[in-house]
Amino acid sequence: IHRLKVESPLGLEFKRIYLNLARSRGRTLPRSLMITSSTRGEGKTTTSACLGITLAREHRQRTLLVDFDLRSPSLHRALGMPSSSWGLSQMLTQQNFDERFVRQTALGNLDFLSAGKSERPAAEIVEQDAVEWFLREASARYDLIVIDTAPNLAVPDPLIIGRVVEGVLYVIKAGATVRKAAEYGVKVQREARDNLLGVLMNDSGEFLPQYYGYKANYYGYTREAAEN
């Protein structure tokens, strides 16, 4: 949270994403937003963390970051928080929104719910009725909900969750994500429900070295355009 500076290149890009999300829905943000990708290692968890922080800062309303990747949870690491055995898994199993499992972050209006651990398989826990129940309960307590979930070509969880949330963001990694995997991942996500708001390209700076002048000069692009 402290490393994502508002005036850093990354901070400004996530502010741009925030503005685009609001514009895509007529200047109102989706109250529940899921982030997924086609495979692991494409940056969806870091995106979820940065987007949750940005929304909490910019929108200034109660925001909940949820680790819905019950098989390989890692959102706590992106936030610099310790892991926990208690969290979403227990809530879904018991269908009881226990606020003791929700943890506060360094931002006053940003809370975090870890995945938790359960002896039951994730496939039994992540089912339609339980997800719908959780979104109802969370929406009654928070203005914005940002969900990090598993890759949608690996497991069906994002397809189930995607049917319930208001919007979905799909993360791809420049120069790494296989085109056909990305195309098929977007296709199956849209087939579950046509609420995919856009595709976010991660690590594009590695392949566009003069991207907005960030590599050479922070304001280089703006100054050069003004001079020309």
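This one's a predicted model, so the numbers in the text were calculated from it and none came from an experiment. (Residues numbered from 1 in each chain as written. Predicted model: local features only at pLDDT ≥ 70, side-chain atom pairs only at ≥ 80, totals over all residues. Heavy atoms only, no water.)

Glancing now at the overall build of the protein. Of the regular secondary structure elements, the protein holds nine helices and seven strands. Taken across its 228 residues, the protein has 50% of its residues classed as buried. Long-range contacts, defined here as pairs at least 24 residues apart, represent 76% of the contacts in the protein between residues at least 6 apart. A total accessible area of about 11900 Å² is found for the protein, and carbon and sulfur atoms account for 49% of it. (Helix = DSSP H or I, 4+ residues; strand = E, 2+ residues; numbered from the N terminus. Buried < 20%, exposed > 50% of the residue type's maximum accessible area, 1.4 Å probe, protein only. Contact = heavy atoms within 4.5 Å. Areas by Shrake-Rupley, 256 points an atom, 1.4 Å probe, with all protein chains shown as cover.)

Right, let's talk about the side chain of S37 for a bit. By secondary structure assignment, the location of S37 is in strand β1 (residues 32–37). Sequence-distant contacts of S37, defined by excluding residues within four places in its chain, comprise E42, K44, P151, N152, L153, Y170 and V171.

A separate point is the pattern of salt bridges. Summed over all chains, the structure comprises eleven salt bridges. In this structure, the salt-bridge partner of R141 is E99, at a minimum N-O distance of 2.8 Å. Here R141, found in helix α6 (residues 128–141), pairs with E99, found in the loop between α4 (88–94) and β3 (102–104); they are 42 residues apart in sequence, far enough to count as distant. By relative accessible area, which is 26% here, R141 ends up partly exposed. A salt bridge links D203 to K173; its shortest N-O distance comes to 3.8 Å. Of this pair, D203 sits in the loop between β7 (196–202) and α9 (220–227) while K173 sits in strand β6 (residues 167–173), placing them 30 residues apart in sequence. Taking the relative accessible area as the measure of exposure, D203 reaches 34% and is therefore partly exposed. What emerges from the salt-bridge pattern is a single network uniting K44, D69 and D148. (Salt bridge = Lys/Arg side-chain N within 4 Å of Asp/Glu carboxyl O.)

Hydrogen bonds between backbone groups are what pair the strands of a sheet, and the pairing can be parallel or antiparallel. One open sheet holds the seven strands; their spatial order is β3-β4-β2-β5-β1-β6-β7, and the pairing between them is mixed. Strands with a single pairing partner mark the edges of an open sheet, and in this sheet they are β3 and β7. Averaged over all neighbouring strand pairs, the angle between strand axes comes to 25°, with direction disregarded. Sheet topology note: the β1/β6 ladder contains five bridges and is parallel. (Pairing = 2+ DSSP bridges. Axes fitted to C-alpha atoms, helices over the stretch in contact; angles between N-to-C directions.)

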